[in-house]
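Structure assessment
One-letter residues, chain by chain:
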Amino acid sequence: MSSNEVKVGAVTLGGAALLAGMISFMGAFSFGSSGYKLHIEYPQVSGLLQGNVVRYAGVQVGTVKKINIAPDKIIVEAEIDENIKIPKGASFSIAADGMMSEKFVSIAPPAKLGQGYIAANSTVSGTPGGGMDEFFNSSGELMGKLEKIAESFELIFGDKDVQLAMREGIKNLGEISKNMNTFTKVMADTAQASQKDIATIVHQMSLLSQHMESIMAGVDANGATGRNVAAIAENMAATSKRMENIVAALEAVAKDKETAEALKGTIINLKQTTAHANKILGAVAKAEITADAGTAAKGGDWRSNMGVTLKPTDTSYVYMGGYDIGDKNKFDFIYGQKFGQAGASLGSMQGDFGVGLSYDFGKRFSLYSQAYDFDDLKVRLGGEYKLTKTVSLYGESMDLRGDKRDTYMGMRARF
């Protein structure tokens, strides 16, 4: 190596050392302040350090210069760039960009501006941000609450009586579901297996309908019977009126008080009789005869029912009829009330007291159920589909707890 190269290297190293010394020397001096100070009071600073940055709306505007500890608070001295003005009402919190990132003072603008700006050397209150420590504290509180909830559930569901009740409830739901599935399958199997029987029933019901119509036509005599009954009611009303006039005339000349009172009683009785006759005439005018015949899904048993429905009003009815005529010969006497599409009923059902519910799905299809014989509870469930205004197809189970011999399907006619 030549002496020139050694000299050049020595001069270079010396210059670098001199430059480093000058930089260190100049760094020890401050050439005036570049901002103003704000004092921010926090209950705790969550790991904030001296030298961390200060951001306003996400933009760096200053630096944390000092962190002083007071007995009941922490005072952070921040230096804000001199060309930055912080509006009054701004909030001061401590935040971080990530779990492992450095903390910084975050200044958020106020919701409403125009209140002026914070003066230099002012003291403001800050709020600690939602750091990981606070997150873990909140998580601990949440876990404590969850543990209490779990203990409550354990006390409830750990009780043997509750467990037994739940098992019984689930078991009962399973039995109900099984019975409903069986009933649905029976209805489907019966409809498929009894197509010929249904056709025969339809034909027989058609003949029965024609026969009943001929009977009713004979009884009605082309409307003459109804007109005669109406005429009788009108004559009764007219007779009552004439009797009133006669009694009024006799009352003027009658001197016997007992006779006068007897005549008045006669008038009152005649009025009541006329009113009852009008009510009976109105109910009979709305009477409807129902006849149905059906066959059991199992066993081939046939069953026929017939009855009369009286409708005193548009929303109420009284049904009187015989059930399983020729075999069991049980009597039904039921009062019912309609509430829009829904209905409720009570009375003698197959000779035992019971209650019923029904619901109309449109004008053609309806479901009905009855609970009766409460000493040995029976539950009847059925559905009816209207083929015409007078002929319907129905299927019903006389007891959901029974077998296929209690499930019938057939036709129903109204006259």
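A short tour of the structure in this document, coming up. This structure is a prediction, so every number in the text was calculated from the model and none was measured.

1. Here we look at the overall build of the chain
- Along the backbone of the chain there are 6 helices and 17 strands.
- Among the 415 residues that make up the chain, the fraction classed as buried is 26%.
- Counting only contacts in the chain whose residues sit at least 6 apart along the sequence, the fraction spanning at least 24 positions is 42%.
- Carbon and sulfur atoms form 61% of the exposed surface of the chain, whose accessible area is close to 27100 Å².

2. Some thoughts on the sheet that holds strand β2 (residues 53–56)
- Overall, mixed pairing links the 7 strands, which are arranged β1-β4-β3-β2-β6-β5-β7 in a closed barrel. Neighbour-to-neighbour, the strand axes of the sheet open up by a mean angle of 35°, direction not taken into account.
- In this sheet, strand β4 (residues 74–81) lies alongside strand β3 (residues 59–69) in antiparallel orientation, the contact comprising 7 bridges. Looking at β4, one finds that K66 is bridged to E77.

3. Some thoughts on the pairing of strand β5 (residues 91–96)
- Relative to strand β6 (residues 103–108), β5 runs antiparallel, the two being bridged by 6 bridges. For F92, the partnering residue across the bridge sits in β6 and is I107.
- Pairing between β5 and strand β7 (residues 123–127): 2 bridges, direction parallel. The residue bridging S93 from the neighbouring strand is T127, located in β7.

4. Let's talk about a nonpolar patch on the surface
- Together, L346, F353, V355, F374, L377 and V379 make up an exposed nonpolar region whose accessible area comes to about 510 Å².
- Along the chain, the position of F353 falls in strand β13 (residues 352–361).

5. Overview of the nonpolar core
- Ranked by size, the top nonpolar core spans 22 residues in total, and within it I40, Y42, V54, I86, F92, V105 and I107 carry the most contacts.
- The contact partners of V54, leaving out residues within four places of it in the chain, are V59, Q60, V61, G62, T63, V64, A78, I80, V105 and I107.
- Counting 8 residues, the second largest nonpolar core, distinct from the first, contains Y319, M349, Y372 and M398.

6. Notes on the packing of aromatic side chains
- In this structure the tally under the stated criterion is 4 aromatic pairs.
- With a centroid separation of 6.3 Å and 45° between ring planes, the pair formed by F353 and F374 is classed as tilted. Placement of the pair is F353 in strand β13 and F374 in the loop between β14 (365–372) and β15 (378–386), with a sequence separation of 21 residues.
- For F374, a relative accessible area of 47% corresponds to the partly exposed category.
- Geometrically, the ring pair formed by Y359 and F361 is edge-to-face, given 5.0 Å between the ring centres and 65° between the ring planes.
- Relative accessible area serves as the criterion here: at 35%, Y359 is assigned to the partly exposed category.

7. Details of unusual backbone geometry
- Positioned with a positive phi, N121 is a non-glycine residue whose angle comes to about 65°.
- Tracing the backbone through its elements, the reader meets N121 in the loop between β6 and β7.
- Using a relative accessible area of 53% as the deciding quantity, one classes N121 as exposed.
- Positive phi, normally seen in glycine, also occurs at Q350, with a value near 55°.
- Mapped onto the secondary structure, Q350 falls in the loop between β12 (342–349) and β13.

8. Comments concerning the sheet that holds strand β11 (residues 330–339)
- With antiparallel pairing, the 10 strands of this closed barrel are ordered in space as β8-β9-β10-β11-β12-β13-β14-β15-β16-β17. Neighbour to neighbour, the strand axes of the sheet diverge by 25° on average, direction disregarded.
- In terms of strand pairing, strand β16 (residues 391–397) meets strand β17 (residues 407–414) through 7 bridges, oriented antiparallel. Paired with E396 across the bridge in β17 is Y408.

9. Things to note about the environment of D332
- Considering the arrangement of structural elements, one finds D332 in strand β11.
- Judged by its relative accessible area of 9%, D332 is buried.
- For the pair D332 and G322, spaced 10 residues apart in the sequence, the C-alpha separation amounts to 6.1 Å.
- Contacts of D332, omitting those with residues within four sequence positions, involve Y319, M320, G321, Y323, S348, M349 and Q350.
- Here the side chain of D332 touches Q350 through a polar contact of 2.5 Å, landing on its backbone nitrogen.

10. As for the pattern of salt bridges
- On inspection of all chains with the given rule, the structure shows 13 salt bridges.
- The partner of E79 in a salt bridge is K37, and the shortest N-O contact between them spans 3.9 Å. Taken together, the residues span a long stretch of sequence, with E79 in strand β4 and K37 in strand β1 (residues 35–42) at a distance of 42 residues.
- In this structure E79 comes out as buried when scored by relative accessible area, which is 15%.
- For E384, the salt bridge is made with R412, and the minimal N-O distance between the two is 3.1 Å. Of the two residues, E384 is situated in strand β15 and R412 in strand β17; the sequence distance between them amounts to 28 residues.

11. Quick notes on the pairing of β14
- Alignment of β13 against β14, held across 8 bridges, turns out to be antiparallel. Counted as the bridge partner of Y359 is L367 from β14.
- Between β13 and β14, which follow one another and run antiparallel, lie 3 residues, and G362 among them has a positive phi close to 80°.
- Relative to β15, β14 runs antiparallel, the two being bridged by 8 bridges. Note that in β15 the partner of Q370 across the bridge is R380.

The rules behind the values
Residues numbered from 1 in each chain as written. Predicted model: local features only at pLDDT ≥ 70, side-chain atom pairs only at ≥ 80, totals over all residues. Heavy atoms only, no water. Helix = DSSP H or I, 4+ residues; strand = E, 2+ residues; numbered from the N terminus. Buried < 20%, exposed > 50% of the residue type's maximum accessible area, 1.4 Å probe, protein only. Contact = heavy atoms within 4.5 Å. Areas by Shrake-Rupley, 256 points an atom, 1.4 Å probe, with all protein chains shown as cover. Pairing = 2+ DSSP bridges. Axes fitted to C-alpha atoms, helices over the stretch in contact; angles between N-to-C directions. Patch = residues over 30% accessible without salt bridge, like charges linked within 9 Å, V, L, I, M, F, W, Y side chains within 5 Å. Salt bridge = Lys/Arg side-chain N within 4 Å of Asp/Glu carboxyl O. Core = buried A, V, L, I, M, F, W, Y, C linked by side-chain atoms within 4.5 Å. Phe/Tyr/Trp six-rings, centres within 6.5 Å; stacked < 30°, edge-to-face > 60°. Polar contact = N/O pair within 3.5 Å; in protein donor to acceptor, adjacent residues only side chain to side chain.

Geometric values such as these leave the question of function open.
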